[in-house]
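# Structure assessment
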Amino acid sequence: MTWLAVPEGTPFGLTNLPYGVFSTADAAPRVGVRIGDQVLDLAAALDDPVFAEPALNGFLAQGRSRWDEVRARVTELLTDERWRGTVEPALLPLDRVRLHLPFAVGDYVDFYASEHHASNIGRMFRSDSEPLTPNWKHLPIGYHGRSGTVVVSGTPVVRPNGQRKAPTDAAPGFGPCRRLDIEAEVGFVVGAGTEPGQPLAPADFADHVFGVCLVNDWSARDIQAWEYVPLGPFLGKSFATSVSPWVVPLAALEHARVAPPVQAPQPLPYLTGGRPWGLDLDLEVRLNGHVVSRPPYASMYWTPAQMLAHMTVNGATVRPGDLFASGTVSGPEKDQRGSLMELSWGGQDPITLPDGTTRSFLEDGDEVVISATAPGPDGTRIGLGEVAGRILPAADHPHFSQQDPKEQS
Ligand SMILES: O=C(O)/C=C/C(=O)CC(=O)CC(=O)O
Ligand SMILES: [Ca+2]
Ligand SMILES: [Mg+2]
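Residues numbered from 1 in each chain as written. Chains lettered and ligands numbered in written order. Predicted model: local features only at pLDDT ≥ 70, side-chain atom pairs only at ≥ 80, totals over all residues. Heavy atoms only, no water.

### Re the site of ligand 1
We apply this condition: To be near a molecule or strand, a residue needs just one of its heavy atoms within 4 Å of it. Contacts described as polar in this section are N or O atom pairs within 3.5 Å, which, within protein, must combine one atom able to donate a hydrogen with one able to accept it, while residues neighboring in sequence count only if both atoms come from side chains. We count a stretch as a helix when DSSP gives it H or I for four or more residues in a row; a strand needs E for two or more, and each element gets its number in order from the N terminus.
Within the structure, ligand 1 sits among 17 residues, and Y112, R126, E183, K237 and T328 are positioned closest to it. The side chain of D217 places a nitrogen or oxygen atom 3.3 Å from an oxygen atom of ligand 1. Contact distances for ligand 1 include 2.8 Å between an oxygen atom and a side-chain N or O atom of K237. Mapped by element, the contributors of at least two residues to the shell around ligand 1 are β6 (108–111), α5 (115–125) and α7 (221–227). It is α5 that contributes the most residues to the shell around ligand 1, 3 residues altogether.

### As for the pairing of strand β21 (residues 290–293)
Our working rule: Strands are labelled as partners when DSSP assigns at least two bridges between them.
By the bridge criterion, 3 bridges tie strand β20 (residues 282–287) to β21 in an arrangement that is antiparallel. When the sheet's bridge partners are listed, L287 is paired in β21 with H290. Once β20 ends, the chain turns through 2 residues before running back antiparallel as β21, passing N288 with a positive phi of about 50°.

### Regarding the sheet that holds β20
On the basis of which strands lie adjacent, the open sheet formed by 5 strands has the order β9-β26-β25-β20-β21 and mixed pairing. Each of the sheet's edge strands pairs with one partner strand only, and the pair in question is β9 (157–158) and β21. Pairing analysis gives 6 bridges linking β20 to strand β25 (residues 367–375), with the strands arranged antiparallel. Paired with E284 across the two strands is S371, which belongs to β25.

### Remarks on the coordination of the magnesium ion (ligand 3)
To be explicit about the condition: Ligating atoms shown are N, O and S within 2.8 Å of the metal, or 3.2 Å for Na, K and Ca, and water is not included, meaning a site may look less than complete. The cut-offs for exposure are 20% and 50% of the maximum accessible area for each residue type, with area from a 1.4 Å probe on protein chains only; residues under the lower value are buried, those over the upper are exposed, and the others partly exposed.
Protein coordination at the magnesium ion (ligand 3) comes from D217 (OD), K237 (O) and T241 (OG1), with a distance range of 2.3 to 2.4 Å. Taken in sequence order, the residues that donate to the magnesium ion (ligand 3) follow the motif D-x19-K-x3-T. Of the two residues examined, K237 and T241, each falls in the buried class.

Right, here's the structure in full:
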């Protein structure tokens, strides 16, 4: 029990304690921990300059034993009445702070770990071949994304311009994306790094990964479909990737750990071993306030521990602040799909919102909010917060007018 007044049944109680970076009107960005609807200013509460930094990276680099020590210390400060006088001045109401990107994003990798998503996308993008490529059940497929365009929840997303060519078009045209989509994903934040040539095993996961956030991998499907052969996602996914402001430490997800679905064929030995890191997270996707999907993370085929092992098997390093995302979370059911492309089946079957409007892809002004909860102890739920973003109209291209005769829409 905490001496602090927290809302009854809050998903941000003592068993959660996520980390973020906040600022106030008169104080620069620094590290805080969320408790209920308040933020504990760690720079004020603890004697470690690492928390006065405007990003979590310094703390991430300190490693597992220090993360556990700080979590235990914060719990003690918020539970033991004797600390009340010291801690109270370091607490701020959430509505008085501004939340920032919680960590400086190093390398950013996006995986493709949902069998349901990969099968759905395969059917739509490659209708003349098997939905899953031959490698899919042998390794967690991924690509390197653009870390510099990872933004915090609430940052508006400008509709990208680019080349797009429908299969029936004779030549590509240029202009604003017409098939702007979302991807509901879970992100894993690397803490302790590695040296070159130091592959990690799945069993090393909790020593190197600090925690979890929510990710929206905004995707321009028309740009993507035209550009991705043969090297994979590029400009169709590099204009913005949004993350939630609170990083939930792995320690808070102990009750959410589950075995992943059965993996057959048996993966190679470097992808096996350690504790199971399937996660029973319930995601929810809202479009303009209406729930359009509830993707279940427990259905993901590859675990984040296997992703980490695969990502380092060639000797590649990881560094504090690296982010790897799961890939779109789609469950087996229609209302569990984590992208609009799947929900509307490529635009063939638009979804109807309660206000009577329909959507295949996003319109200017649309707002998407992805949230998630996880099981905590004794039947409680902990929250992962939310990642939100609203679509702004495409900007005019400074060197190419939309009215230009070269525009072939
Ligand atoms: O199958 C493809 O060609 C591309 C799939 C994706 O959209 C890539 C991606 O971001 C992976 C994911 O989110 O699962
Ligand atoms: Ca993705
Ligand atoms: Mg992206």
